[in-house]
Amino acid sequence: MSATEATARTMSYREALREAIREGMQADERVFLTGEDVGAYGGSFGVSRGLLDEFGPERIRDTPLSEAAFVGAGIGAAMGGMRPIVEVMTVNFSLLALDQIVNNAATIPHMSGGQVQIPVVVRMTTGAGRQLAAQHSHSLEGWYAHVPGLKVLAPATVADARWMLGPALADPNPVIVFEHGSLYNREGEIGDTAGPAGDITRASIRRPGRDLTFVAYGQSVWTALEAAETLASEGVEAEVLDLRVLRPLDTDAVISSVTRTHRAVIIDEMWRTGSLAAEVSALITEQAFYELDAPVGRVCTQELPIPYAGHLEQAALPNTTRVLAAAREAVGGDG
Amino acid sequence: MTGAAGTDALRTMLLIRTFEERCVELYSAAKIRGFLHLYIGEEAVAAGIMPALEPGDRVVSTYREHGHALARGVPARSVLAEMFGKVEGVCRGRGGSMHLFDVAHRFYGGNAIVGGGLPIAVGLALADRMAGRDHVTACFFGEGAIAEGEFHESLNLAALWRLPVIFCCENNLYAMGTALARSESEVNLTMKAASYEVPAWSVDGMDVDAVADAARRAVLSVRAGDGPCFLELRTYRFRAHSMYDPDLYRTREEIARWRERDPIDAYVQVLRDAGTLDDAALEALRDETRAVVDDAVAYAEAGTPEPVDEMTRFVYAEEAAP
Ligand SMILES: Cc1ncc(C[n+]2csc(CCOP(=O)(O)OP(=O)(O)O)c2C)c(N)n1
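About the thresholds
Residues numbered from 1 in each chain as written. Chains lettered and ligands numbered in written order. Predicted model: local features only at pLDDT ≥ 70, side-chain atom pairs only at ≥ 80, totals over all residues. Heavy atoms only, no water. Helix = DSSP H or I, 4+ residues; strand = E, 2+ residues; numbered from the N terminus. Rg over C-alpha atoms; globule rule 2.2 N^0.38 Å. Buried < 20%, exposed > 50% of the residue type's maximum accessible area, 1.4 Å probe, protein only. Contact = heavy atoms within 4.5 Å. Areas by Shrake-Rupley, 256 points an atom, 1.4 Å probe, with all protein chains shown as cover. Lys, Arg positive; Asp, Glu negative; His and termini not counted. Charge placed at Lys NZ, Arg CZ, Asp CG, Glu CD. Pairing = 2+ DSSP bridges. Axes fitted to C-alpha atoms, helices over the stretch in contact; angles between N-to-C directions. UniProt positions renumbered as here; feature names shortened; annotations may be inferred. Domains from an automatic or database assignment. Buried area = accessible area lost by both parts, 1.4 Å probe. Phe/Tyr/Trp six-rings, centres within 6.5 Å; stacked < 30°, edge-to-face > 60°. Patch = residues over 30% accessible without salt bridge, like charges linked within 9 Å, V, L, I, M, F, W, Y side chains within 5 Å. Salt bridge = Lys/Arg side-chain N within 4 Å of Asp/Glu carboxyl O. Core = buried A, V, L, I, M, F, W, Y, C linked by side-chain atoms within 4.5 Å.

Asks: So what's going on with the overall build of chain B? Which residues, and what values?
Replies: For chain B, the count of helices and strands is eleven helices and nine strands. Over its C-alpha trace chain B gives a radius of gyration of 19 Å, about what one expects of a compact globule, namely 20 Å for 322 residues. Viewed in the frame of its principal axes, chain B has a C-alpha envelope of about 55 × 50 × 40 Å. Out of the 322 residues in chain B, the part that is buried amounts to 58%. Long-range pairs, those at least 24 residues apart, make up 74% of the contacts in chain B with a sequence separation of at least 6. A total accessible area of about 13000 Å² is found for chain B, and carbon and sulfur atoms account for 54% of it. Measuring between centres, the 33 positive side-chain charges of chain B sit 1 Å from its 49 negative side-chain charges.

Asks: Please give an account of the sheet that holds strand 10 (residues 212-216) of chain A that cites residues and values.
Replies: Paired through backbone hydrogen bonds, the strands of a sheet run either parallel or antiparallel to each other. Residues and elements named next belong to chain A. Across the sheet, five strands lie side by side as 9-11-10-13-14; this open sheet has mixed pairing. The open sheet has two edge strands, strand 9 (204-207) and strand 14 (297-301), and neither has a second partner. Strand-to-strand twist in this sheet, taken as the mean axis angle between neighbours without regard to direction, amounts to 25°. Bridge count for strand 13 (residues 264-271) against strand 14 is four bridges, and the pairing is parallel. Across the sheet, Trp271 pairs through a bridge with Thr301, a residue of strand 14. Sheet strands touched by helix 11 (residues 219-233): strand 9, strand 10, strand 11 (238-242) and strand 13. Its angle to strand 10, the strand with the most contacts, is close to 160°. Sitting on the sheet, helix 12 (residues 251-261) is in contact with strand 9, strand 10, strand 11 and strand 13, with an inclination near 175° to strand 11.

Asks: Tell me about the UniProt feature "domain: Dehydrogenase E1 component" (unreviewed entry) in chain B, and please be specific about residues and values.
Replies: UniProt's feature table lists "domain: Dehydrogenase E1 component" (unreviewed entry) at residues 12-303 of chain B, given in the numbering used throughout. For residues 12-303 of chain B, the end-to-end C-alpha separation is 25 Å, with 45% helix and 12% strand making up the annotated structure.

Asks: I'd like to hear about the domain arrangement of chain A, residue by residue, with values.
Replies: Residue and element names in this part refer to chain A. When cut into domains, chain A gives domain 1 (3-198) and domain 2 (204-330). Domain 1 and domain 2 are separated by 25 Å when their C-alpha centres are compared. Contacts between the two partners involve 34 residues from domain 1 and, on the opposite side, 25 residues from domain 2. Broken down residue by residue, the surface that domain 1 buries against domain 2 is led by Gln131, Ser139 and Ala154, which jointly contribute 22%.

Asks: Lay out the environment of Cys23 of chain B in plain terms, naming residues and giving numbers.
Replies: All names here are of chain B. Within the element layout of this structure, Cys23 appears in helix 1 (residues 3-28). On the accessibility criterion, Cys23 (0% relative accessible area) is buried. The spatial distance from the C-alpha of Cys23 to the C-alpha of Leu80 is 8.4 Å, given a sequence separation of 57 residues. The contacts of Cys23, once residues within four sequence positions are left out, are Ile32, Leu36, Leu80 and Met83.

Asks: Please set out the packing of aromatic side chains residue by residue, giving values where relevant.
Replies: All names here are of chain B. Applying the stated criterion across every chain, the model contains 13 aromatic pairs over all chains. Here Tyr174 and Tyr249 contribute two aromatic rings whose centre-to-centre distance is 5.6 Å and whose plane-to-plane angle is 45°, an arrangement assigned as tilted. In this pair, Tyr174 is assigned in strand 6 (residues 174-175) and Tyr249 in the loop between strand 9 (229-234) and helix 9 (252-259), connecting sequence segments 75 residues apart. Residue class for Tyr249 comes out buried when judged on its relative accessible area of 15%.

Asks: Can you lay out the UniProt feature "domain: Transketolase-like pyrimidine-binding" (unreviewed entry) in chain A for me, pointing to particular residues and giving the numbers?
Replies: Mapped onto the present numbering, the UniProt feature "domain: Transketolase-like pyrimidine-binding" (unreviewed entry) falls at residues 11-186 of chain A. End-to-end, the C-alpha atoms of residues 11-186 of chain A are 8 Å apart, and along that stretch the chain is 38% helix and 20% strand.

Asks: Any details on the side chain of Thr34 of chain A? Residues and values, ideally.
Replies: Mapping Thr34 of chain A onto the fold places it in strand 2 (residues 31-36). In this structure Thr34 of chain A touches Arg61, Thr63, Ile85, Val86 and Glu87 of chain A, once residues within four positions along its chain are discounted.

Asks: Any details on a nonpolar patch on the surface? Residues and values, ideally.
Replies: Among the surface-exposed residues, Leu157, Leu160 and Trp161 of chain B lie close enough to one another that they form a single nonpolar patch of about 300 Å² accessible area. Note that Trp161 of chain B resides in the loop between helix 6 (149-160) and strand 5 (165-171).

Asks: Mind laying out the nonpolar core, listing which residues take part and the relevant values?
Replies: Of all hydrophobic cores here, the largest spans 112 residues; its most connected members are Tyr144, Ile176 and Ile284 of chain A together with Phe19, Ile32, Ile49 and Leu80 of chain B. If you count residues domain by domain, this core takes at least three from each of domain 1 (3-198) and domain 2 (204-330) of chain A. Residues contacting Leu80 of chain B, with those up to four places away along its chain left out, are Phe19, Cys23, Leu26, Ile32, Ala296, Val297 and Ala300 of chain B. If you look at the next biggest cluster of nonpolar residues, it comprises 34 residues, including Met11, Tyr13, Val31 and Ile85 of chain A.

Set out below in structure tokens:
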């Protein structure tokens, strides 16, 4: 296969994750995948379909409905020298395992004075938009990003889905990976080698622009790109910065983009109060205050549990209409 | 059950079946969205347990709860309007299929977190106990929930405090794609309850009479203040876990074998043998339930969407606590 052919390789976000898991398992026999219905069922979002046949039940390890136990066991196995990938079906159910992640995975390396490493990867689906109602629609990335000791990733593109897992597995720290539920069917090119997608320290500019910076992550990156297209037709060039890594944040990338565009709108599917957007906004105010030509804007989920009814859910989420309104406010009279 | 009670149980099962078969069509037509978990095959459980409860008793359920709600007397039209996301729905369109709440019927949801309802049931029972009311709380959950810590913590607490909870475990053998034996080291579920000193019975959940008998016994004991009970109701879901599930983890033969034990067909035979049901009466019951479902569809179709500016109502209480 020539390099160009390989570069043009296209697959779905779901397949990209599967290929990344497969590669991780082939490269290191300490790597195993565990979680509810990852084996016989093929993963509740189909990510691990076929892997049971390929690797067998020891390494594609189905669990009972016991989030606290199997996430905790993943943490323990990592302490014991394995390289577990733990799949928690969704962030909503990760709340049952929050104790293990926050009280154990995040603290023990430091609390033990550096004696213990916890190289575990915990993957989970996040987000709303599919009329699954309040208990299946949370976006709690910022809760995890709040916790020192954890690294938090949010692949938004197919290439990131393909390449971020490798470095996450190689990282000696607990890494939480958020996969937005609306992304699994997205198709995209992955390239033949990792390139910038294989980095888990930097944000990435998905669309350059001079007039305004959209800061986003996960599904919101696509909302931002859509809004940027509309703005372009109005003569406003918005830059779209995909955070990719939610902890530790790539502060330099945020500040340098805002320093060029002088305006920022942050798009975040968390609730506004205490959101990740709040943190990014505070960073900009602290480090680029004198660069700003307009107040920092935030488009977050409205302050309510996500309703089932489709029109209410769409109104509650950071949709393109709301993003455009915030962008137009930011560029104001001289936009 | 004899006489009118038997006919009522059959009517309830037919209503659930007819309602849910219509839901499948409405889901294909995109009138119902999100997750839809069907109870088809498990009707005898709800139809057997609910008649044992009094109007003041409480019910806590799961995301597979249409059958529980209908059997409890929640109107089909309000349930369907909810699934259409309309103001006329039990939760004004905010909850959908997985979150039916109807406090007038003492129906406390509709919980989509596996095991999430059990502690709440313990608390409702605690409130009744502390207020000196002799109500009981029936708490439904699947066998998959038994692997969750919340199951064990709740059983222990209810037993320790001798609270009036009937734990109704609907053992349909699969939690999504995971068969019981692949998720439990001890598959005898009543033993788990017994280990908390909770009296437990295993019941044929495809036989509505057997379920009703067990429910009456359990309610009697729990209401008398003897502490919680655990019922294992052995049943089977005829359909996939949800509309998203390709159902590749069970054999067609296994499903066919269980379908031969269809609780509705079986009970029709029981009532026929007892001489309390003939063709005309059965046809009349079918017509009646079809009419209820037709009415529900018309009602849900004609319903109104909640205005977007009312969306944040009920995030906080609108009235002072009673
Ligand atoms: C805490 C939690 N983990 C995972 C899920 C995803 N999930 C929804 S239903 C289900 C299977 C539950 O099986 P069971 O309790 O036996 O009930 P059934 O669906 O068979 O009625 C799973 C894994 C969830 N909703 N909540």
